[in-house]
Amino acid sequence: MTTNFFIGEGERNTTSFFDQLVERLVNGVNFGLMLALAAIGLSLVYGTTGISNFAHGEMVTFGALIALLFAVGLSLPLLIAVPLAVIVSGAFGYAMDAGLWRPLRRKGLGVVQLMIVSIGLSLALRYVFQMFVGGGTLQLPNPLSGVIPLPGSIVLTWMDLVSMLISVVVIIIFALWLTRSRIGRATRAVSDNPSLAAASGIDVDAIVRIVWILAAALAGLSGVLWAYFRPGIKWDMGTSILLLLFAAVVLGGLGTALGALVGSLIVGILVETTSLFGVPDDLKYVGALVVLILILLFRPQGILGRKERVG
């Protein structure tokens, strides 16, 4: 015998397409700003050295792991753990340049050889990370887990808001440093033409060293914010966004910091909004790469890149 119990009328909660679009756009901007922190450093490294650094993703992972060590392993407050992680990431960039990249540059290795070295370094660092933290997902403390009340069904957490504010502030400070300070202008000069910059009396090696430090520090901060966005830290988390970083740099224009920012925002928004149009989550990164290919077909130098003159 079957008995049916009436428990009231069923309700179905639906979210309008507009609310979903706004939420995805906000998430896309947040993701794009995080990508920009790492992509700006990747772009400057390419501009000043010509190296396509495939180990840049591991620099992102390194920052997240160091923040985990300070915040969880040593139980330091996040306000102390995160800045320390950024500083240690910068020191890691200094060590890599002093111990590896500068000696190789002085040996006169070509760009292709340096790129192969960066691929090997990426693999080595990745499995060193796995050896220490294993294959699982680890979590950073999250004191800002609450949700901000917004109109409609839009969901935005306090951590999302703080992440975007941090990214914007850091990018603005970096832009002011790059355009207003003497070292920043020298960095731009080296990125534009290293030979001419050296002939003008600029210490190219010192500028390259500063670029490596800043690139690693920005990548480390990006890793911490990425750990909250995912959420979680894994040994290969940087590798999962490496292709998107290269896409953002190439899309915006190789060697330009502003181009890396613009390209990152475009990639971030595309990645987060494509699922609204029927693209499976497993393929959401493909949309950004398709747009990259289309733009490069019509503008090979990227959106803000300068077309090189021949002859």
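> Sorry if this is basic, but what is going on with the overall build of the chain here?
Each helix and strand counted, the chain has 11 helices and 2 strands in total. Traced from its N-terminal end to its C-terminal end, the chain shows the element sequence α-α-α-α-β-β-α-α-α-α-α-α-α. In terms of C-alpha radius of gyration, the chain reaches 21 Å, essentially the compact-globule figure of 19 Å for 311 residues. Each principal axis of the C-alpha distribution contributes one length, and for the chain these read about 90 × 50 × 35 Å. The proportion of buried residues among the 311 residues of the chain is 44%. The long-range fraction of contacts in the chain, counting pairs at least 24 apart against all pairs at least 6 apart in sequence, stands at 75%. Charge separation in the chain, taken as the distance between the mean sites of 19 positive and 15 negative side-chain charges, equals 15 Å.

> I tried to follow the pattern of salt bridges on my own but got confused; where do I start?
For side chains of opposite charge, pairing can occur when their charged atoms come near one another. Per the stated rule, a full pass over the model turns up 6 salt bridges. Of the charged contacts in the structure, one is a salt bridge between D97 and R105, with a shortest N-O distance of 2.9 Å. Overall, D97 belongs to the buried group, its relative accessible area being 0%. Judged by relative accessible area, R105 falls into the partly exposed class, the value being 21%. Counted as one network, the salt bridges with shared partners bring together D97, R102, R105, R106, D205 and R209.

> Would you mind going over the confidence of the model for the chain with me for this structure?
A low pLDDT means the predicted coordinates there should not be read in detail. Overall, the prediction assigns the chain a mean pLDDT of 87, with 92% of residues at 70 or greater. Ranking the helices and strands of the chain by mean pLDDT puts helix α2 (residues 56-73) first, with 95, and helix α11 (residues 284-298) last, with 78.

> Any chance you could explain helix α8 (residues 204-229) here in plain terms?
The α-helix advances 3.6 residues per turn, and as a result positions three or four apart in sequence lie on the same side. Taking 1.5 Å of rise per residue, the 26 residues of α8 would be expected to cover 38 Å, and the 37 Å separating its terminal C-alpha atoms lies within 8% of that figure. Here α8 lies mainly inside the structure; 21 of its 26 residues are buried. The distance from a side-chain oxygen at the start of α8 to the backbone nitrogen of D205 is 3.3 Å, and the residue carrying that oxygen is D203.

> What exactly am I supposed to notice about a nonpolar patch on the surface here?
Residues L283, V286, V290, I293, L294, L297 and F298 make up a contiguous nonpolar surface patch of about 720 Å² in total accessible area. If you trace the backbone, I293 turns up in helix α11. Classification of I293 as exposed rests on a relative accessible area of 52%.

> Hey, could you run me through the packing of aromatic side chains in this one?
Both the distance between ring centres and the angle between the ring planes are used here to describe each pair of aromatic rings. One pass over the full model with this rule turns up 8 aromatic pairs. Seen from their ring centres, W101 and W212 are 5.6 Å apart, and the 5° between their planes marks the pair as stacked. Of this pair, W101 sits in helix α3 (residues 78-106) while W212 sits in helix α8, placing them 111 residues apart in sequence. W212 matches W101 in its accessibility class, with the two residues each being buried. Seen from their ring centres, Y127 and W235 are 5.5 Å apart, and the 40° between their planes marks the pair as tilted. Pair noted here: Y127 is in helix α4 (residues 111-133) and W235 is in the loop between α8 and α9 (239-252), with a separation of 108 residues, a long-range link.

> Would you explain the nonpolar core in this entry?
In summary, soluble globular proteins display a tendency toward joint burial of nonpolar side chains. Counting residues in each nonpolar core, the largest one holds 82 residues, and the members touching the most others are F31, I40, W101, L140, W226, I233 and V267. At 16 residues, the largest contribution of residues to this core is made by α8.

> In this structure, what is going on with the packing of α3 against α8? I would like to understand it.
Contact geometry of α3 with α8 gives a least axis separation of 7 Å together with a crossing angle of 140°. Taken together, the axes of α3 and α8 lie oblique to each other. α3 and α8 meet at a crossing whose hand is right-handed. Broken down by class, the residue content of the contact of α3 with α8 amounts to 15 nonpolar, 4 polar and 6 charged.

So, how was this worked out
- Residues numbered from 1 in each chain as written.
- Predicted model: local features only at pLDDT ≥ 70, side-chain atom pairs only at ≥ 80, totals over all residues.
- Heavy atoms only, no water.
- Helix = DSSP H or I, 4+ residues; strand = E, 2+ residues; numbered from the N terminus.
- Rg over C-alpha atoms; globule rule 2.2 N^0.38 Å.
- Buried < 20%, exposed > 50% of the residue type's maximum accessible area, 1.4 Å probe, protein only.
- Contact = heavy atoms within 4.5 Å.
- Lys, Arg positive; Asp, Glu negative; His and termini not counted.
- Charge placed at Lys NZ, Arg CZ, Asp CG, Glu CD.
- Salt bridge = Lys/Arg side-chain N within 4 Å of Asp/Glu carboxyl O.
- pLDDT = per-residue confidence, 0-100.
- Expected span 1.5 Å × (residues − 1).
- Polar contact = N/O pair within 3.5 Å; in protein donor to acceptor, adjacent residues only side chain to side chain.
- Patch = residues over 30% accessible without salt bridge, like charges linked within 9 Å, V, L, I, M, F, W, Y side chains within 5 Å.
- Areas by Shrake-Rupley, 256 points an atom, 1.4 Å probe, with all protein chains shown as cover.
- Phe/Tyr/Trp six-rings, centres within 6.5 Å; stacked < 30°, edge-to-face > 60°.
- Core = buried A, V, L, I, M, F, W, Y, C linked by side-chain atoms within 4.5 Å.
- Axes fitted to C-alpha atoms, helices over the stretch in contact; angles between N-to-C directions.
- Parallel < 35°, antiparallel > 145°, perpendicular 65-115°, else oblique.
- Left-handed = near helix turned anticlockwise from the far one by under 90°.
- Nonpolar A, V, L, I, M, F, W, Y, C, P; charged D, E, K, R; others polar.

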